[in-house]
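# Structure at a glance
Letter by letter, the chains look like this.
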Amino acid sequence: MSSIAVRTRGRSRGGAGLGLVAWLAGIVFFLPIAWMALTSFHSETDAATNPPSFTAALTLDGYREFFGAGGGAGPWPALVNSAVASIVSTLFVLVLALPAAYALSIRPVRKWTDVLFFFLSTKMLPVVAGLLPIYLFARNTGMLDNIWLLVVLYTSMNLPIAVWMMQSFLAEVPVAIIEAARVDGAKLPTILARVVAPIALPGIAATSLICFIFSWNELLFARVLTGVVAETAPVFLTGFITSQGLFLAKVCAASLVISLPVLAAGFAAQDKLVQGLSLGAVK
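Below is a short write-up of the structure. (Residues numbered from 1 in each chain as written. Predicted model: local features only at pLDDT ≥ 70, side-chain atom pairs only at ≥ 80, totals over all residues. Heavy atoms only, no water.)

## With respect to the overall build of the chain
Keep this limit in mind: Put simply, DSSP marks the helices as runs of H or I at least four residues long and the strands as runs of E at least two long, and each gets a number from the N terminus on. Buried means the residue's accessible area, taken with a 1.4 Å probe over protein chains only, is under 20% of the maximum for its type, while exposed means over 50%, and partly exposed covers the values in between. Any two residues whose heavy atoms approach within 4.5 Å at even a single point are treated as in contact. Residue exposure ignores everything except the shown protein chains as possible cover, and the areas themselves are Shrake-Rupley values with a 1.4 Å probe.
Broken down by element type, the chain carries 14 helices and zero strands. Secondary structure elements in the chain, listed N-terminal to C-terminal, are α-α-α-α-α-α-α-α-α-α-α-α-α-α. Here the chain holds 283 residues, and the buried ones make up 36% of them. The long-range share in the chain, meaning contacts at least 24 apart out of those at least 6 apart in sequence, stands at 76%. On the chain, roughly 16,600 Å² of surface is accessible, and the fraction owed to carbon and sulfur atoms is 71%.

See the structure below:
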């Protein structure tokens, strides 16, 4: 009994130590966000002080200027453009990635590992290497400053990683359930929509959230290919950075507001995200 008690005590200490490390890591990762939030409530003069002042007066001037109270442009068109590009491209990615992942994980496909490596290798190309040909194509086809060009680009950029992720999720779907649906006369669209999708819902949610985050945060293509009509939120954010004057509080306020949709989506889908990312980890 004494040896069992010693082992139990050792495990409890180990668990407490891991919990402490997890809390410390969480605090370290949260500190930059907390600092950005605090700076956003300071005046530009207080935000630019070095060393920073923790006891400076709080103000909403940064948020007022971000929302156009000072006579500048409001952020709503850019936020709507980011929402359209991110949500629509994520839906397109799911529609295309689900059948592809089904074929690679459940249906017998020869050399499926080579196919997955090809999908992943497309993410290894530096984004800037494809910027010039895409810009020339957009200019010659009249697609510059068009939000639907970003939708197509974000769909093509996120599709490889979505297929890779969903293939591992769909590989955990019991084949017997799919065969039973086929025996009952279900066709492929019905199997995907009513059998595979509900079972793999945590994995689909995790893939959707990651694709949404990648699309929402994308800056390079949006900066080069858009102007006024299709300007996205990250591009609008860079407009506050100038060579003259102080802008730190404004940039922090804008960064916090623009990050809220991603944070809200992650918080709303956190259970599905953790469940999806850990799918298949425990056999």
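Let's pick the thread back up.
## So, helix 13 (residues 248-268)
Formally: A helix is expected to reach a length of 1.5 Å times the quantity of its residues less one. The reported bend at a residue is simply the angle between two axes, fitted to the 7 residues ending at it and to the 7 residues beginning with it.
Relative to the 30 Å expected for 21 residues at 1.5 Å per residue, helix 13 spans 30 Å between its end C-alpha atoms, a close match to the ideal helical length. Leu 260 marks the point of greatest bend in helix 13, at about 35 degrees, and the proline Pro 261 comes within the next four residues. All buried positions along helix 13 are accounted for by Ala 249, Lys 250, Val 251, Cys 252, Ala 253, Ala 254, Ser 255, Leu 256, Val 257, Ile 258, Val 262 and Gly 266.

## Thoughts on the packing of aromatic side chains
Just so we agree on the cut-off: Only rings of Phe, Tyr and Trp enter the pairing, Trp through its six-membered ring, and a pair is recorded when the two centres are within 6.5 Å. The plane angle decides the type: under 30 degrees is stacked, over 60 is edge-to-face, the rest tilted.
Following the criterion strictly, the structure yields seven aromatic pairs and no others. Ring plane angle 70 degrees and centroid distance 5.8 Å describe the contact between Phe 66 and Phe 236, whose orientation is recorded as edge-to-face. Residue Phe 66 is located in helix 3 (residues 61-66), and its partner Phe 236 is located in helix 12 (residues 233-238); the two are separated by 170 residues in the primary sequence. In this structure, Phe 66 and Phe 236 share a single accessibility class: buried. Relative to Phe 240, the ring of Phe 66 has its centre 6.0 Å away and its plane inclined at 40 degrees; by these criteria the two rings are tilted.

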